[in-house]
Amino acid sequence: MKAKASQISPDKLYASLLKKKSDQEQQARLKSPIVNPNKYLVPSNRNGVGNSKIEAKKSRPTSGKDFKDVSSVLLKKTHARQNSKLIETKENSQNISANALSILLKIKQERPETKQPVIQQNKDIFNQQSISKKYQKLMEMTKQQQQNIVKSKLFKGPRSISNPDISNLQLYITKANGLSSPGMLYNGQTKTNQDIYKLINKFNNKDNDWYIQVSDGHGTNGHQVAQFLQQVLPSFIEQGILTISSCYDRDKQVNTILKNCFLQTNEELLESGIDVTYSGATTVTVISFENILYCANIGDSRAIIGRFDNKLSVIELSKDHKPDCFLEQARIIQRGGRVQAYSDEDGNPVGPARVWKSDEDVPGLAMSRSFGDYVASQVGVICEPEIIKHALLPCDKFIIVASDGIWEFLSNEWVVETVYEYYKKDDTQGACQRLVQAAKEAWQREDEVIDDITVVIAFIK
């Protein structure tokens with residue numbers, strides 16, 4: 001071996017070493033990944049070696065600190081050629097970032113600024129001191145309103161038909177007066193007055209409770225029926241009210257008492273000896289329990305309230321029971337009656353609708369509910385009252401309860417306007433006289449007779 005080695009020339013030996021070294025470097029180059037500058041300074045997949053593209057994105061440096069960390073690691077673990085490539089790439093990336101930043105700044109300076117519209121806001125809205133003052137003022141107003149409200153309700157139950165809000169204010173009737181005037185016959189003679197009214201202060205022995213009743217008789221014995229009702233009905237109702245024990249369902253109890261008292265009064269009337277075959281009476285009652293009113297009505301007498309709330313208006317406490325009202329007529333027909341007005345020679349209707357037996361022209365009653373009227377009661381005329389509850393409000397000024405002698409030719413609105421002038425004078429008697437006189441004059445203009453006229457007026461304070 002030594003002999004052979006000694007025979008090789010130095011030139012050949014040097015060439016062999018160079019080739020061997022070159023082969024080693026080539027093998028090393030094939031085994032190690034070639035690092036070329038790329039966007040994220042991570043090894044590329046050109047030779048199938050290294051991480052995937054997804055892992056490259058995850059390892060993407062996001063700050064200058066990341067660049068320094070990557071460079072230091074690579075400098076320690078890669079050879080000189082790779083290090084030089086990495087440093088070169090880092091410098092290029094930093095230069096590109098600096099250039100990009102300068103371009104963006106230049107674009108921003110050249111672009112015209114778009115000013116956002118500034119909303120002018122009321123400073124007072126956000127002024128805490130102003131809000132605090134407004135809140136304090138509102139609380140004072142609320143406290144003042146609550147001082148005018150009674151702490152406990154007099155009645156509890158369903159809301160009023162005419163007024164859904166239950167009032168707790170201390171409102172009640174302060175004074176009341178009534179007037180009744182007889183009518184006139186065709187021959188000019190004064191007829192027997194079949195109207196009558198009842199006015200009771202301190203009803204049920206309570207200072208602010210009132211009882212108002214107006215009855216309008218008709219037929220041969222109508223005046224007797226009206227007088228009977230004046231005596232019997234109020235006493236029955238007062239006895240019934242005394243039996244109320246609970247305030248919780250007082251409305252229901254009052255309704256039941258009023259209906260039972262009307263039915264009981266009618267039974268007493270039928271047994272009284274008064275001939276009610278073709279005689280009877282309508283009746284409207286208003287009971288005032290301080291600020292709560294209950295109106296029970298049968299027939300065509302009427303009760304209303306005059307209200308002033310910036311302007312005058314009418315609140316109806318009752319509904320007229322006329323035979324041609326849909327529900328009333330349906331009941332009459334169902335029970336074997338018919339509804340028809342008088343007819344002239346040509347068959348044209350004359351006057352109001354009336355109740356008749358289906359096979360006879362009797363009784364010819366011009367209302368669908370009444371006391372007595374035995375024949376009419378056989379064909380659907382009833383004495384069950386329609387009851388309406390009303391809670392008084394500060395704008396309710398007075399109550400008017402009257403027979404149809406007032407309402408036949410005088411409108412609700414005219415009556416309220418007339419009474420309001422006397423309300424301002426605190427004159428109930430003058431108001432009654434004015435309405436009765438106006439009703440008489442209207443009857444004289446419109447008809448050949450004058451009906452009985454009765455009115456009760458109560459002022460509310």
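To be clear, the structure that these remarks concern was listed above.
Note that the structure is predicted; figures quoted are calculated from it, not measured.

1. Observations concerning the side chain of glutamine 253
Tracing the chain through its elements places glutamine 253 in helix H8 (residues 250–270). With a relative accessible area of 18%, glutamine 253 lands in the buried category. Residue contacts for glutamine 253: discarding those within four places in its chain leaves Ile244, Ser245 and Ser246.

2. Overview of the nonpolar core
In terms of nonpolar packing, the biggest core is built from 30 residues, with Ile237, Leu258 and Phe371 touching the most fellow members. Elements supplying a minimum of two residues to this core: helix H7 (222–242), H8, strand E4 (280–289), strand E5 (292–298) and strand E12 (386–391). Broken down by element, the residue count for this core peaks at eight residues, all from H7. Setting aside its immediate chain neighbours within four residues, phenylalanine 371 contacts Leu229, Leu233, Phe262, Thr265, Asn266, Leu269, Ser279, Gly280, Ala281, Thr283, Ile298 and Cys383. Counting residues in hydrophobic clusters, the runner-up holds 26 residues, among them Val416, Cys432, Ile450 and Phe459.

3. Focus: the pairing of strand E14 (residues 453–460)
On a regular strand, one side chain projects to one face of the sheet and the next to the other, so that they alternate. For E14, the tally of buried residues reaches eight of eight residues, placing the bulk of the element in the interior. Examined bridge by bridge, strand E1 (residues 173–181) and E14 share eight bridges and lie antiparallel to one another. Its bridge partner lying in E14, leucine 179 is registered against valine 455. For strand E13 (residues 396–402) and E14, the ladder comprises five bridges, and the chain directions are antiparallel.

4. Quick look at the layout of surface pockets
Estimated volume of the largest pocket: approximately 1,100 Å³. As for the largest pocket, its lining consists of 34 residues, of which Arg354, Ala366, Asp404, Trp443 and Asp451 are closest to the centre. Those elements that place two or more of their residues in the lining of the largest pocket are strand E3 (209–218), strand E9 (349–357) and strand E10 (363–365). Partitioning the lining of the largest pocket into residue classes produces 15 nonpolar, seven polar and 12 charged.

5. A few points about a negative patch on the surface
The grouping of Glu408, Glu446, Asp447 and Glu448 at the surface amounts to a negative patch. Here aspartate 447 lies in the loop between helix H13 (428–446) and E14. Judged by relative accessible area, aspartate 447 falls into the partly exposed class, the value being 36%.

6. Structural notes on the environment of isoleucine 304
Relative to the helices and strands, isoleucine 304 is located in strand E6 (residues 302–308). Judged by its relative accessible area of 0%, isoleucine 304 is buried. Isoleucine 304 sits 13 residues away from leucine 317 along the chain, and the two C-alpha atoms are 5.1 Å apart. For isoleucine 304, the contacting residues outside a window of four places in its chain are Val314, Ile315, Glu316, Leu317, Phe398, Ile399, Ile400, Trp407, Asn412 and Val416.

7. Some words on H13
In this model, H13 (19 residues) spans 27 Å end to end at C-alpha, consistent with the 27 Å of a helix rising 1.5 Å per residue. Residues Thr428, Gly430, Ala431, Cys432, Leu435, Val436, Ala438, Ala439, Ala442 and Trp443 constitute the buried set of H13. Of the surrounding secondary structure, the elements contacted by the buried residues of H13 are E1, E13, helix H11 (404–407), helix H12 (412–423) and E14. With a side-chain oxygen positioned 3.4 Å from the backbone nitrogen of glutamine 429, the residue opening H13 is aspartate 427.

8. Observations regarding the pattern of salt bridges
Taken as a whole, this structure holds 13 salt bridges when the rule is applied. A salt bridge links lysine 424 to glutamate 421, with the nearest nitrogen and oxygen atoms 3.4 Å apart. One salt-bridge network, held together by shared partners, links Glu328, Arg331 and Arg369.

9. A few points about the packing of H12 against H13
One way to put it is that H12 packs onto H13 with a least axis distance of 9 Å and a crossing angle of 145°. Crossing geometry of H12 relative to H13 is assigned as right-handed. When H12 is examined against H13, the residues Trp414, Val415, Thr418, Val419 and Tyr422 are found in contact with a partner set consisting of Gly430, Ala431, Arg434, Leu435 and Ala438.

10. Points about the environment of proline 363
Inspection of the secondary structure puts proline 363 in strand E10. When the C-alpha positions of proline 363 and alanine 376 are compared, they lie 6.2 Å apart, and in sequence the two are 13 residues distant. Discounting residues that sit within four places of it in the chain, proline 363 has contacts with Tyr278, Val355, Trp356, Lys357, Val375 and Ala376.

11. Quick word on the packing of aromatic side chains
Here the structure, examined in full by the defined rule, presents nine aromatic pairs. Summarising the aromatic geometry, the rings of phenylalanine 289 and tyrosine 294 are spaced 6.0 Å apart at their centres and angled 75° between planes, so their arrangement reads as edge-to-face. An identical accessibility class is assigned to phenylalanine 289 and tyrosine 294; each is buried. Relative to tryptophan 356, the ring of tyrosine 342 lies with its centre 5.6 Å away and its plane at 70°, an arrangement referred to as edge-to-face. Placement of the pair is tyrosine 342 in strand E8 (residues 337–343) and tryptophan 356 in strand E9, with a sequence separation of 14 residues. Overall, tyrosine 342 belongs to the partly exposed group, its relative accessible area being 43%. The ring of tyrosine 422 carries the charged tip of lysine 425 above its face, separated from the ring centre by 5.1 Å.

The rules behind these values
Residues numbered from 1 in each chain as written. Predicted model: local features only at pLDDT ≥ 70, side-chain atom pairs only at ≥ 80, totals over all residues. Heavy atoms only, no water. Helix = DSSP H or I, 4+ residues; strand = E, 2+ residues; numbered from the N terminus. Buried < 20%, exposed > 50% of the residue type's maximum accessible area, 1.4 Å probe, protein only. Contact = heavy atoms within 4.5 Å. Core = buried A, V, L, I, M, F, W, Y, C linked by side-chain atoms within 4.5 Å. Pairing = 2+ DSSP bridges. 1 Å grid on protein atoms, 1.4 Å probe; cavity = no way out; pocket = protein on both sides within 12 Å on 5 of 7 lines; lining within 4 Å. Points joined across faces, edges and corners; volume = space filled by probe spheres on them. Nonpolar A, V, L, I, M, F, W, Y, C, P; charged D, E, K, R; others polar. Patch = residues over 30% accessible without salt bridge, like charges linked within 9 Å, V, L, I, M, F, W, Y side chains within 5 Å. Areas by Shrake-Rupley, 256 points an atom, 1.4 Å probe, with all protein chains shown as cover. Salt bridge = Lys/Arg side-chain N within 4 Å of Asp/Glu carboxyl O. Lys, Arg positive; Asp, Glu negative; His and termini not counted. Charge placed at Lys NZ, Arg CZ, Asp CG, Glu CD. Expected span 1.5 Å × (residues − 1). Polar contact = N/O pair within 3.5 Å; in protein donor to acceptor, adjacent residues only side chain to side chain. Axes fitted to C-alpha atoms, helices over the stretch in contact; angles between N-to-C directions. Left-handed = near helix turned anticlockwise from the far one by under 90°. Phe/Tyr/Trp six-rings, centres within 6.5 Å; stacked < 30°, edge-to-face > 60°. Lys NZ or Arg CZ within 6 Å of the ring centre and 35° of its normal.

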